[in-house]
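# An overview of the molecular structure
Each chain is listed here by its residues.
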Protein chains: 2
Amino acid sequence: MTTAEQQDALFELEKLVESRIRRDRAEEISGLLAEAELSDIIRLIEHSPVKRGAVLFRLLPPERAGAVFDALDPRHQADMVRALGSDSVGAFFEEMGAEDRVMLLDELPGRVAERLLKELGEKDKQNTDAVLGYEKGTVGRVMSPEIPEIYGSMTAHEVRELLRREHEDLETLYTLPVIDRDRQLTGIVKMRRLFLAERDTLVADLLEDTPSVVASADAEETARWFLPLALLAIPVVDSGNRLVGIFTFDEAQHVVESEDSEDSARQGGSEALKQPYLSTPLTNLVKSRIVWLLVLAVSAILTVQVLDIFEEKMQQAVVLSLFIPLLTGTGGNTGNQAATTVTRALALGDVKKSDVLKVMWREVRVGLMLGAVLGALGFALATLVYGLDIGMVIGLTMLSICTMSATVGGAMPIVAKTVGADPAVFSNPFISTFCDATGLIIYFLIATSILGL
Amino acid sequence: MTTAEQQDALFELEKLVESRIRRDRAEEISGLLAEAELSDIIRLIEHSPVKRGAVLFRLLPPERAGAVFDALDPRHQADMVRALGSDSVGAFFEEMGAEDRVMLLDELPGRVAERLLKELGEKDKQNTDAVLGYEKGTVGRVMSPEIPEIYGSMTAHEVRELLRREHEDLETLYTLPVIDRDRQLTGIVKMRRLFLAERDTLVADLLEDTPSVVASADAEETARWFLPLALLAIPVVDSGNRLVGIFTFDEAQHVVESEDSEDSARQGGSEALKQPYLSTPLTNLVKSRIVWLLVLAVSAILTVQVLDIFEEKMQQAVVLSLFIPLLTGTGGNTGNQAATTVTRALALGDVKKSDVLKVMWREVRVGLMLGAVLGALGFALATLVYGLDIGMVIGLTMLSICTMSATVGGAMPIVAKTVGADPAVFSNPFISTFCDATGLIIYFLIATSILGL
């Protein structure tokens, strides 16, 4: 099936289910859900309002429910637990990988989480505790702690027997960490090499070097560094290089995707949505935006005060007020460009905190060049329509505002990161507001001195 | 080694290489490069200016150069080809996968590309042509066309022998597409199942269903749909369901990463950089921003004209001009929030083009709610300081501007997508400028009628 056909099939399924729900035909829905593609069902539930999602989940044939629950993202899993009660999902909870289980627990109220944990078997509980022991945002929290014990002295055949006996259901089997007697990591063996090797070949002869990461490392940084390497997984070790788990490409991908969603939302001055846009209640949309709007509006009151100071001068030359939106807009745009570029460079690891002066010096020069072009244009146009004096004021202000905004915009994300804030938070909207106020002061100072007000 | 240690090692390497280059110690650099981690060398070259990168590449021990070249991203590969000449890199070119080869060709001038292509062996040339035959931006263009021919009638042992004989160097062996006599795709067999199976087990008995994608499908859409499934690869078929290649998670990840970089840059009103920020020449930074700034500044001249119309009224009540930045700023912020949210939802496939009315209706209501809160606040503050009349003007304007901006901001990305433009291009800075001009008109209309100017 092609993607377009798959999309169509999904819409088709949506419509069919919709009409059955309207006519209360539970059995027919069960029938539809028994035959649909699993990935369509998952998408359908994730895109439905919570209550409908829970109804659909309950109508799933029992043999499919586990797979669907496992594939839902943690927030929707939590919705299901809340809607259906912890009893109905306890069985699925046991079948999850420890790292997925912890992500679900993070979304649940403490009471419910405890109840679910209590019913886990001993080994599952140990694995879950291992992951829960690490701080949120670290690799330890998203790694998979279930790994087979493979030693260099084993043969390809022995590894195969071990995996077949004990680990057939593990998610990560293609990159197998190899340890010594002290559980110290000595390298990895790839399943492809085991598969193509003779049965008596020693693991030690197939051993490859591998990058690894300590469990306390930052998950986002690690994921961004690890994904471009196009590896399936890297071993996770403790501070003594002892193997404690494995960090897979799909967990890394998940970490980066949710951070990017957050960054993107914050660059636009709102919080990331926890659900698909169309199934998010309106009040949640308002909540994700109102705080930022209020903060920004309150700080923009600064611009009213700045202008209040210069009110008398504006009365003498009302023409000055015509250019306010043009000048503040240009300043805001220049600042945003710099901030967006540097925020992205920080996220990708291209720029480090210690580069702040380098970045500012680059942005001073970029801002000067941009300001020279825009200032010349502003000078020419304003002179033509409003005369030479106004032309000079506008040109010089453009030049100054561009330079100031680019420098501030470039430095702000690094300053934010240095004080431990999310660079994306202190970014675009905040910079616009800051540049507005500062730009207006620059504008009126230049105007006062040139026009002699 | 931990990520932090790895970062330190990289900086250390950078400093060491730097000091050797200053003192012109080529041999010592070769020594350093022979011992450093491959991933550090790749990062070092990607973060260096082109010329230095080429020098470093030339100083690499021959046995490491191939691996490094292969891992560089296409733009840096192209830099190396240009700096070192196609002769020195011809050998590496032959060793690349067909999809990587095509991505490199896309970055090279036609002349150089042809010369490189001419020296390819017959089979490599065929594979490259297969990929080149698809349009840019499609799955066909980023898929890997080299796939083993596996039939359901083969045994696990036969597959192993086939792979060992002919395909040991293939990148993608963990997900193996299975075909019938007509090359029609019948499913996949996972290497883990082959590995754990008895040697005489038939592939047909290990066969699993798989999603697939047609080669002409959009690469970004496919990647965003495929990555959350956490599969290693999906088969690529032609319109007749015949197997033509395989699309791997790391290519998908690469596609999404570069689209996200572009979107993020465009949301800030600039073009994505082709190199790490600190190694991008200043003039390129200026180029990536100046066009947008000019477009925005020229359209912001609209605001000067709008205000020019109302100049007389402003002269009668200069107090009105004090609120211009506050009102346009709030409008811009509200519009940006909506645009960012909808752009992201479009990218993730949560919103479709046909949802435009649904989205606008949601945003009208969200905008009204946001406007009610901000308007009440504006009314209270402005009334306190400037009296009831001004308070009413500000409150009503806030309400109207928020509603208008949220609606326009939410609709704009969908309209952009419908006319075939990048939703991120028509987003934040453009919406700010649009909302500025419209907001000012609303402002002065409300002011005129309430204040009776």
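Here the residue numbers are simple positions, counted from 1 along each chain's written sequence. Both sets of labels track the order of writing: A upward for chains, 1 upward for ligands. In view of the model being predicted, local features appear only for residues whose pLDDT reaches at least 70, and side-chain atom pairs are presented and counted only at 80 or more, with totals across whole chains, interfaces and linings using the full set of residues. Excluding hydrogens and water, the side-chain values take into account all heavy atoms of the structure.

An unreviewed UniProt entry lists chain A under the name Magnesium transporter MgtE, with Corynebacterium appendicis CIP 107643 as the source organism. UniProt positions are given in the numbering used here, feature names are shortened, and annotations may be inferred rather than shown by experiment. According to its UniProt record, chain A has this under Sequence similarities (unreviewed entry): "Belongs to the SLC41A transporter family." Turning to chain A, the UniProt annotation filed under Subunit (unreviewed entry) states: "Homodimer."

In this section: the overall build of chain A. Across its full length, chain A holds 23 helices and five strands. Computed over the C-alpha atoms, the radius of gyration of chain A is 29 Å, more than 25% above the 22 Å expected from 2.2 N^0.38 for a compact globule of 453 residues. When the backbone C-alpha atoms are referred to their principal axes, chain A occupies close to 90 × 65 × 45 Å. Exposure is judged per residue with a 1.4 Å probe applied to protein chains only, and the accessible area is read against the type maximum: over 50% gives exposed, under 20% gives buried, and values in between give partly exposed. Residues counted as buried form 57% of the 453 residues belonging to chain A. Contacts are residue-level and defined by heavy atoms, with any inter-residue pair within 4.5 Å sufficient. The contacts of chain A with a sequence gap of at least 6 include a subset with a gap of at least 24, amounting to 66%. In this description, accessible areas are obtained by the Shrake-Rupley approach with a 1.4 Å probe, and a residue is regarded as covered only by the protein chains that are shown. Total accessible area on chain A stands at roughly 18800 Å², and carbon and sulfur atoms take up 55% of it. Working convention for charge: Lys and Arg count positive, Asp and Glu count negative, and His plus the chain ends are omitted. A charge is said to be at NZ when it belongs to Lys, at CZ for Arg, at CG for Asp and at CD for Glu. Side-chain charges in chain A split into 43 positive and 65 negative, and the spacing between the mean points of these groups amounts to 2 Å. A helix here means a DSSP run of H or I that spans at least four residues, while a strand means a run of E at least two residues long, and both kinds are numbered starting from the N terminus. Each radius of gyration reported is based on C-alpha atoms, and the globular scaling rule is 2.2 Å times the count of residues to the power 0.38.

Below, the discussion takes up the domain arrangement of chain A. Bear in mind that the domain bounds are from an automatic or database domain assignment. Under the domain assignment used here, chain A contains domain 1 (3-141), domain 2 (156-268) and domain 3 (281-451). The centre of domain 2 of chain A, based on its C-alpha atoms, is set 46 Å off from the matching centre of domain 3 of chain A.

Here we come to the environment of valine 178 of chain A. Residues and elements named next belong to chain A. One can find valine 178 in strand 1 (residues 175-179). Sequence-wise, valine 178 and valine 244 are 66 residues apart; in three dimensions their C-alpha atoms are separated by 12 Å. Every residue in contact with valine 178, bar those within four places of it in the chain, is listed here: Ile150, Tyr151, Gly152, Gln184, Leu185, Thr186, Gly187, Ile188, Val189, Val203 and Leu207.

The next subject is the packing of aromatic side chains. Residue and element names in this part refer to chain B. Two rings from Phe, Tyr or Trp (for Trp, the six-membered ring) form a pair when their centres are within 6.5 Å of each other. A pair whose planes differ by under 30 degrees is stacked, one over 60 is edge-to-face, and the rest are tilted. Going through the model one piece at a time under the given rule, you end up with 16 aromatic pairs over all chains. Ring centres of phenylalanine 57 and phenylalanine 69 lie 6.0 Å apart, and the angle between their planes is 55°; on these two criteria the pair is classed as tilted. With phenylalanine 57 in helix 4 (residues 50-59) and phenylalanine 69 in helix 5 (residues 62-71), this residue pair connects regions lying 12 residues apart in the sequence. Summarising the burial analysis for this pair, phenylalanine 57 and phenylalanine 69 share the class buried. Note on phenylalanine 57 and phenylalanine 92: the rings are 5.8 Å apart at their centroids and 85° apart in plane angle, and the pair reads as edge-to-face. Placement of the pair is phenylalanine 57 in helix 4 and phenylalanine 92 in helix 7 (residues 86-95), with a sequence separation of 35 residues. The buried category is assigned to phenylalanine 57, whose relative accessible area is 5%.

What follows concerns a negative patch on the surface. Residue and element names in this part refer to chain A. Patch building starts from residues that exceed 30% relative accessible area and form no salt bridge, then joins like charges within 9 Å and nonpolar side chains (Val, Leu, Ile, Met, Phe, Trp, Tyr) within 5 Å. Think of a salt bridge as a Lys or Arg side-chain nitrogen and an Asp or Glu carboxyl oxygen that are within 4 Å of each other. A surface patch of like charges, here negative, comprises Asp70, Asp87, Glu94, Glu95, Glu119 and Glu171. Locating glutamate 171 in the fold gives a position in the loop between helix 12 (156-166) and strand 1. Look at glutamate 171 and you get partly exposed, because its relative accessible area is 46%.

The next thing to look at is the relation of the copies chain B and chain A. A least-squares superposition brings the copies together, and it is based on the C-alpha atoms of residues with pLDDT no lower than 70 in both. Take chain B, turn it by 180°, move it 0.0 Å along the axis, and it overlays chain A with an RMSD of 0.1 Å. In the structure described here, the two chain copies are related by an operation that fits a two-fold rotation axis. A shared interface surface links the copies, since 100% of the contact residues of chain B are contact residues in chain A too.

Note on sheets: strands pair through backbone hydrogen bonds, and any given pair is parallel or antiparallel. Residues and elements named next belong to chain B. Judged by pairing direction, the sheet is mixed, and its three strands sit side by side in the order 3-4-5 without closing on themselves. Edge positions in the open sheet fall to strand 3 (213-214) and strand 5 (243-248), since each of these has one partner strand only. Here strand 3 pairs with strand 4 (residues 233-237) via two bridges, running parallel. Following the sheet pairing, valine 213 is matched in strand 4 by valine 236. Convention adopted: a line fitted to C-alpha atoms gives each axis, helices being fitted over their contacting stretch, and angles between N-to-C directions are expressed from 0 to 180 degrees. Lying over the sheet, helix 15 (residues 219-226) contacts strand 3, strand 4 and strand 5, oriented at roughly 60° with respect to strand 5. Strands were regarded as paired on the criterion that DSSP finds at least two bridges between them.

Consecutive side chains along a regular strand alternate between the two faces of the sheet. Residues and elements named next belong to chain A. Bridging between strand 1 and strand 2 (residues 185-190) involves five bridges; their strand directions are antiparallel. Looking across to strand 2, one finds that threonine 175 is bridged to lysine 190. The turn joining strand 1 and strand 2, which pair antiparallel and follow one another in sequence, is formed by five residues; a positive phi near 65° is taken by arginine 183.

Now for empty space enclosed by the protein. Cavity: a set of points on a 1 Å grid over the protein atoms alone where a 1.4 Å probe fits but cannot get out. Pocket: an open set with protein on both sides within 12 Å along at least five of seven lines, its lining residues, like those of a cavity, having an atom within 4 Å of a point. Grid points are joined across faces, edges and corners, and a volume is the space filled by probe spheres set on the points. Applying the stated rule across the entire model yields three cavities of 30 Å³ or more. One number sums up the size of the second largest cavity: a volume of about 180 Å³. What lines the second largest cavity is a set of 14 residues, and nearest its centre among them are Asp260 and Ser264 of chain A together with Asp260, Ser264 and Arg344 of chain B. Residues belonging to the lining of the second largest cavity are distributed by class as follows: two nonpolar, six polar and six charged. Residues were grouped as follows: Ala, Val, Leu, Ile, Met, Phe, Trp, Tyr, Cys and Pro as nonpolar; Asp, Glu, Lys and Arg as charged; and all remaining residues, including Gly, as polar.

Along an α-helix, residues three or four positions apart point the same way, because every turn accommodates 3.6 residues. Residues and elements named next belong to chain A. To estimate the expected span of a helix, count its residues, drop one, and scale the result by 1.5 Å. In a regular helix each residue adds 1.5 Å, so 24 residues correspond to 34 Å; helix 20 (residues 324-347) covers 34 Å between its end C-alpha atoms and thus fits that length. Burial analysis of helix 20 places 22 of its 24 residues in the buried class, the great majority of the element. Positive backbone phi, approximately 80°, marks glycine 349, located one or two places after helix 20.

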